[in-house]
Amino acid sequence: MIDYGTALPAIQIPLLGNSAAVGLFSLLHIVLAALSVAFMLMAPLFEWKGRKNPFDRDLALVLTRFTVVVFSVSTVLAVIMVELMIGLFPVTTMWMWNHFRIPILFGVASFMLMLLVLYPYYHFWERLRACSITLHIALGALAAFFILPWVFMLDGMGAFMLTPVQEAGMWERLHNPTWLPLVIHRMVGNFMIAGYTLAAYGAWRASKPGDPGLEPYYQHLLYRGWTIGLGAFLLQPFTGLLYALTIHRAAPDAHESLMTGPYAPWLYAQVLFLALVFLGNDLLTKHVRTLTGNRQRWLDIGFPALAALLVLCAAYPELRRVCVYLLIGLTVWRLADSLAKTPTGAALFPSTVRSVALGLALLSVLLYLTMGVIRESSRRPDTVRGIISLQDELRHQARMEGALR
Amino acid sequence: MEMDALQLPMLYGRVAIAVAALSHALCATFIVGSSVIGAATETIGHVTQNPRFERLSRLIAFTLILTTAGISFLGVTFVFLLNIFWPQFWSHLFHIMFWPLLLEASFFLAEAIFAYTWYYSWDWANQHPSRKRWHLAFGWSAAASSLIAMLMIDMVASYMLTPRPPDDTWAKLFNPTMLYLDTHRIVGNLTWTGFSLAGLYAVGFLRSSREVDRVFYRWAGGVCFLIGFGALLIMPAIGYQYLLRVRHIEPQAFYTLMLGARSWLFDLVAVLYSALVLFGSLYIWRSVRAMSTNDEGGTARRALPISLLVLAVAGLILSQPYQLQHIPGMQVLTDRLINPLGKMQPNKYFALAFLVVFGLMNWLFFFRSFADRFPWWQGQSGTEKERSSPGLLITLSLCAMLMMLTMGWARETARAYNGYLIYGQVRLEDERSTYEGVKNNAATPEAAARRPVSP
């Protein structure tokens, strides 16, 4: 194509390396995008609940403000990620976008509609609510609805790279074996990190509310956030199992490389974070247990011991699963038992809550990102499993250098 | 890895890319202009302790963050479309211009962070005087980031028209037209943003019911108009230098644009430029005429009608097309190929000189009117004549938008009409395999041998 009569070397990102550079910007984008998606879905629900509870109405506004404020940053991070992909992995990027062009255009159109709805929803909040609260909630729900095709499309492309379907149309490629389990798993994960982040914000602000009258509001945020985060966290092992089983069925070698391959340390890190999140949740409710005299001293020792056992069993899937399900059961039981005996307002207070809530938010993000890294690593050395490999990228670079020379 | 052929006419891809690029560029240029104007107006407000400037800069910051949100998504869409419709060109250009493109996105990220911090920390900054300096720093940082981002993208855009050997880093980055294009675009951004903000405040004026708001919007529209109109008068000088460079480096592209098949686009730019100077001067006249009759503004009131007449004649001459044969549909009206009135030398040079000189004189009258004891923007509410001034500002903003789009199209089409995506290096034809499959793949040795290679 090009005859420059000159030579241009292959692009190499210094220090980080090409894969890590793409990974870094992807992860930065994913954190903000995951929070935004979950907050967009939560906002109209809270606004609906806000018809009775003014705290929930204010919460809906805060969530939407976050989405609007981080939107540009998140999108530009996506641009950088995409540019890195085009520059460093052009074969994979060109091939993938070529094979998903119709779903991509569909997703873009839906995203534009979302933007057209989201901005009036936020910027004319009071004015529209003065006309009709129901209309305003419907606008928020519409924005949440329009973001979903974009999310589903990207998940479809991500899932396809691990479990591709060949000899099929574009929509069939999107609807590959691991698409739906991945959509569910990631969506629940979105709610998990969004919940814990909200809880951390509430806890942080509740400890320094500025205006003392705002303290109950921030406690409300803490409670709501923690409820959502914990609920999603307890669901994650089940959605994760579904996803893992589908991978096992569709791509057994990828599943095997996840468990025993060179990237297995990521799995151990994930299990460690999982155990820490269990412990963090347990710590958060310790105050309630003390208040209600519901100490269950044998479990105060048994619960951390079980979490430690989970970490030790990381390499043994069956044992690991047993530990996880036991921890889920114990968490639910201890919580139900304690919360039944005390009003929820007192449940999450006071002193140590802030640091535990902040720690939980950080851990949930790490857990979420580790899962993403594991998924991406399991394809290696392929970029699209069984279709394009890193070798193809190198060959392309060599061809390019040859053409330039 | 086999790519699916798009099985579409190439025209579809060209239209999709053009629409995405132009809408992206329109918002991106607005961001550069509004971040600079916003930071400047806040600084003036801070130095002069004038609350009107503070309110104006806050309004500009609001439009800035809204546009930043829109543009970031348009940017993603543009990149998606490039990869779908011109994947081979895009991956090659990316390979050559990887760092400028990456830096452009990184500085846009910085712009977004600073712009949002700037807008959302306004109340925080107003609580304590010492915080105001931080706030000003946020605004100027957003402006600087957007200017650097534009510099990076101008390196890429100018390279596509006047490329240098890709392995010579400095030559390709600072290619012959890079600085000219960048300067032209900086001033062009101020023109378009100034007029468009003025148009927005004219709408605000028409919609507001409180007298205090109407006075503010009238003033804000005038200030933004002053910036846009002032920058507009500088444009021909920079544009002339830019075109001289293009003429020396890529004469074929220059010819296409000035005398060739796409010269009608440049005629359209001339029409729009004339309209902007003429309507702008009309706005100045109406504003100055609205001042209370006293000693102030007497010279302006006498000189402006004459100036308007001169501008109308000059605008008429500048708008004359030379190559009638290239104007779509003109054959229906006349068989003549050439219109002698539309000659560049001396007719259009004189016309342009008159437009700039008389426009500058009018701009000075308007600038002076802000300092009068009874400024034009106060106390003229409810009169019939004032309603046309907001209309003029809206018209000006639409003309400025059209001119931005036309100039962008003109620059791109100067390459594309001659079949190039990167002048002399990558041709539109090279992308045919994307649309029709590998049978016509221009990347094959046979296809490469068929293709002429520019020196």
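Residues numbered from 1 in each chain as written. Chains lettered and ligands numbered in written order. Predicted model: local features only at pLDDT ≥ 70, side-chain atom pairs only at ≥ 80, totals over all residues. Heavy atoms only, no water.

(A) Broad picture of the domain arrangement of chain A. Residues and elements named next belong to chain A. What the domain assignment reports for chain A is domain 1 (1-176 + 385-405) and domain 2 (216-250 + 264-377). Listed as interface residues are 17 residues of domain 1 and, on the opposing side, 14 residues of domain 2. The largest per-residue losses of area from domain 1 upon contact with domain 2 belong to L27, F55 and L162, which jointly make up 34% of the total buried on that side. Between R224 and D56 there is a salt bridge, with the nearest N and O atoms lying 2.8 Å from each other. If you list the elements that add at least two residues to the side of domain 1 that touches domain 2, you get α1 (18-49), α2 (54-88) and α6 (133-162). The biggest single contributor to the side of domain 1 that touches domain 2 is α1, with 7 residues. The residue makeup of the side of domain 1 that touches domain 2, split by class, is 11 nonpolar, 3 polar and 3 charged. (Domains from an automatic or database assignment. Contact = heavy atoms within 4.5 Å. Buried area = accessible area lost by both parts, 1.4 Å probe. Salt bridge = Lys/Arg side-chain N within 4 Å of Asp/Glu carboxyl O. Helix = DSSP H or I, 4+ residues; strand = E, 2+ residues; numbered from the N terminus. Nonpolar A, V, L, I, M, F, W, Y, C, P; charged D, E, K, R; others polar.)

(B) Region of the structure containing the packing of α2 of chain A against helix α4 (residues 101-123) of chain A. All names here are of chain A. Here α2 crosses α4 at 130 degrees, and the two axes come no closer than 10 Å. Between α2 and α4, the angle falls in the class oblique. Where α2 crosses over α4, the handedness of that crossing is left-handed. Every residue of α4 that contacts α2 at L61, T64, R65, T67, V68 and F71 is listed here: F111, M114, L115, L118, Y119, Y121, Y122 and H123. (Axes fitted to C-alpha atoms, helices over the stretch in contact; angles between N-to-C directions. Parallel < 35°, antiparallel > 145°, perpendicular 65-115°, else oblique. Left-handed = near helix turned anticlockwise from the far one by under 90°.)

(C) Fine view of empty space enclosed by the protein. Residue and element names in this part refer to chain A. Applying the stated criterion across every chain, the model contains 7 cavities of 30 Å³ or more. Of the voids in this model, the largest cavity is the one considered here, and its volume is about 750 Å³. Lining of the largest cavity is provided by 33 residues; of these, H185, G240, L241, Q270 and M371 occupy positions nearest its centre. Residue assignment for the lining of the largest cavity shows that the elements contributing at least two residues are α1, α8 (179-207), α9 (215-250), α10 (252-260), α11 (264-284), α14 (317-339) and α16 (353-377). Here the residues of the lining of the largest cavity sort into 22 nonpolar, 7 polar and 4 charged. Each of domain 1 (1-176 + 385-405) and domain 2 (216-250 + 264-377) accounts for three or more of the residues forming the lining of the largest cavity. (1 Å grid on protein atoms, 1.4 Å probe; cavity = no way out; pocket = protein on both sides within 12 Å on 5 of 7 lines; lining within 4 Å. Points joined across faces, edges and corners; volume = space filled by probe spheres on them.)

(D) Quick peek at the nonpolar core. Formed by 169 residues in total, the largest nonpolar core has its most connected members in L84, W97 and F233 of chain A together with F89 of chain B. Among the elements that take part in this core, α2 of chain A stands out by supplying 17 residues, more than any other. Viewed by domain, this core spans two of them, domain 1 (1-176 + 385-405) and domain 2 (216-250 + 264-377) of chain A, each represented by three or more residues. Once residues within four sequence positions are removed from consideration, W97 of chain A is found in contact with V82, I86, I104 and M157 of chain A together with V79, F80, N83 and I84 of chain B. Among the nonpolar cores identified, the runner-up in size contains 54 residues, and V269, Y273, V277 and L311 of chain B belong to it. (Core = buried A, V, L, I, M, F, W, Y, C linked by side-chain atoms within 4.5 Å. Buried < 20%, exposed > 50% of the residue type's maximum accessible area, 1.4 Å probe, protein only.)

(E) Layout of the interface of chain B and chain A. Of the residues lining the interface, 53 residues belong to chain B; the matching set on chain A comes to 55 residues. With both chains or domains summed, chain B and chain A bury close to 4,900 Å², and 77% of this area falls on carbon and sulfur atoms. Taken together, chain B and chain A are joined by 0 salt bridges. The interface formed by chain B and chain A includes 2 residue pairs in polar contact (both at pLDDT 80 or more). Among the secondary structure elements, those contributing two or more residues to the side of chain B that touches chain A are α2 (51-85), α3 (87-96) and α4 (98-120) of chain B. Counting residues per element, the side of chain B that touches chain A draws most heavily on α2 of chain B, which supplies 14 residues. By residue class, the composition of the side of chain B that touches chain A is 36 nonpolar, 10 polar and 7 charged. (Polar contact = N/O pair within 3.5 Å; in protein donor to acceptor, adjacent residues only side chain to side chain.)

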